[in-house]
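If you want the building blocks of each chain, they are given just below.
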Amino acid sequence: MVISIEGHHGTSFASAKLIQGDDYKLSKGDDEWLGDGVYFFVEGIKSNTADLAEKWAIVQAWNNKSKTLQYQQFAILKSVIEVEEENFLDLTTENGVEVLEYLVDKYIDKIKSIGKKLDFHDGMLLNLARRENVIPIEIVKGNFYIKFTKERIHRINLRTNNCTICTVCNPEKNIVSKEIINIGDIAI
Amino acid sequence: MKLTNELKNRIDTYFDNISAEELFEISVKKYNFSEIMFELQNESFKTVVDFVRPVARTSDSYREVFDLALAA
């Protein structure tokens, strides 16, 4: 069964134009919540995902080191994402968490057998599972607490998730449409 | 995605066919997992420095702390 998801992605207007003409670029690195991929805000904990994407685009513009904006104009892209159910790891459901926990248990047991312990988080293990072809992941969805402008300014560190995001590991395959739906200016 | 018997078998097969040493190596080198070197009560430390810093705050000397680290 094919699952269809609508997602919103916030970025600079310049990047959005490049994405429209070409394709999304993967976010990579150890800090990525659900592993490498293109990230979207999707319906879940909140329904106004375009608003979340706008907040994200605004907070990402701020360079805290130089105390300047990296871009003055943001854009929100709307995309439709399609994936076969067996390639969709939904960590907002019991079924999805069960898959992740089984993977963690098998991983820990193996590493423990040589007396080692490793520090890792979900995104790192998901990268390993996907790239080593352990499980056929194309899209992962999860609930997270993301710090937008207000949370950063007031140093609000809640442990309650405030949004649902998903990562698309292979945008060329799973993203079937993309359009800029909003452009705006960022004021300091 | 559900944890079907087919998916379980697929995960089991991967872990059955890779050695623990190889898994450890790719975890660290390809996926940046970090090895936990020392553990103190409920905290874990990746390096000696991580271990020493919190202990040093309540200890008389770094010598004492390093002795403790080496004994761990």
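Residues numbered from 1 in each chain as written. Chains lettered and ligands numbered in written order. Predicted model: local features only at pLDDT ≥ 70, side-chain atom pairs only at ≥ 80, totals over all residues.

## A few points about the overall build of chain A
Part 1 of the reasoning: Along chain A, the regular secondary structure elements total 6 helices and 10 strands.
Part 2 of the reasoning: For chain A, whose C-alpha radius of gyration is 17 Å, the value lies close to the compact-globule estimate of 16 Å for 188 residues.
Part 3 of the reasoning: Taken along its principal axes, the extent of the C-alpha atoms in chain A is 55 × 40 × 25 Å.
Part 4 of the reasoning: Sorting the 188 residues of chain A into buried and exposed places 36% on the buried side.
Part 5 of the reasoning: In chain A, the proportion of contacts linking residues at least 24 apart, taken out of those at least 6 apart, comes to 76%. (Helix = DSSP H or I, 4+ residues; strand = E, 2+ residues; numbered from the N terminus. Rg over C-alpha atoms; globule rule 2.2 N^0.38 Å. Buried ≥ 20, exposed ≤ 12 C-beta atoms within 10 Å, placed from the backbone. Contact = placed C-beta atoms within 7 Å.)

## What to know about helix α2 (residues 49-61) of chain A
Part 1 of the reasoning: In this model, α2 of chain A (13 residues) spans 19 Å end to end at C-alpha, consistent with the 18 Å of a helix rising 1.5 Å per residue.
Part 2 of the reasoning: When we look at burial in α2 of chain A, the residues that qualify are Thr49, Leu52, Ala53, Glu54, Trp56, Ala57 and Ala61 of chain A. (Expected span 1.5 Å × (residues − 1).)

## Observations regarding the sheet that holds strand β8 (residues 139-144) of chain A
All names here are of chain A.
Part 1 of the reasoning: Pairing within the open sheet is mixed, and its 7 strands lie in the order β6-β8-β9-β2-β1-β5-β10. Two strands close off the open sheet at either side, each with one partner strand: β6 (88-90) and β10 (175-185). For this sheet, the mean angle separating the axes of adjacent strands, direction not counted, is 30°.
Part 2 of the reasoning: As judged from the 4 bridges shared by strand β2 (residues 38-42) and strand β9 (residues 163-168), these two strands associate in the antiparallel manner. Looking at β9, one finds that Phe40 is bridged to Cys166. (Pairing = 2+ DSSP bridges. Axes fitted to C-alpha atoms, helices over the stretch in contact; angles between N-to-C directions.)

## Side note on the environment of Val134 of chain A
Part 1 of the reasoning: Looking at the element boundaries, Val134 of chain A is found in the loop between α4 (122-131) and β8.
Part 2 of the reasoning: Taking the C-alpha atoms as reference, Val134 of chain A lies 39 Å from Lys65 of chain A; in sequence the two are 69 residues apart.
Part 3 of the reasoning: What Val134 of chain A contacts, discounting residues up to four positions off in sequence, is Ala129 of chain A together with Ile11 and Tyr14 of chain B.

## Let's talk about the environment of Arg155 of chain A
Residue and element names in this part refer to chain A.
Part 1 of the reasoning: Of note, Arg155 is situated in the loop between α5 (149-153) and β9.
Part 2 of the reasoning: Judged by the 7 C-beta atoms lying within 10 Å of it, Arg155 falls in the exposed class.
Part 3 of the reasoning: When the C-alpha positions of Arg155 and Glu98 are compared, they lie 33 Å apart, and in sequence the two are 57 residues distant.

## Concerning unusual backbone geometry
Part 1 of the reasoning: A positive phi is found at Asn133 of chain A, a non-glycine position, where the angle reads about 60°.
Part 2 of the reasoning: Note on placement: Asn133 of chain A falls in the loop between α4 and β8.
Part 3 of the reasoning: When the 10 C-beta atoms within 10 Å are taken as the criterion, Asn133 of chain A is described as exposed.
Part 4 of the reasoning: Phi at Asn32 of chain B takes a positive value of approximately 60°, unusual for a residue other than glycine.

No statement about biological role is implied by the geometric values presented.
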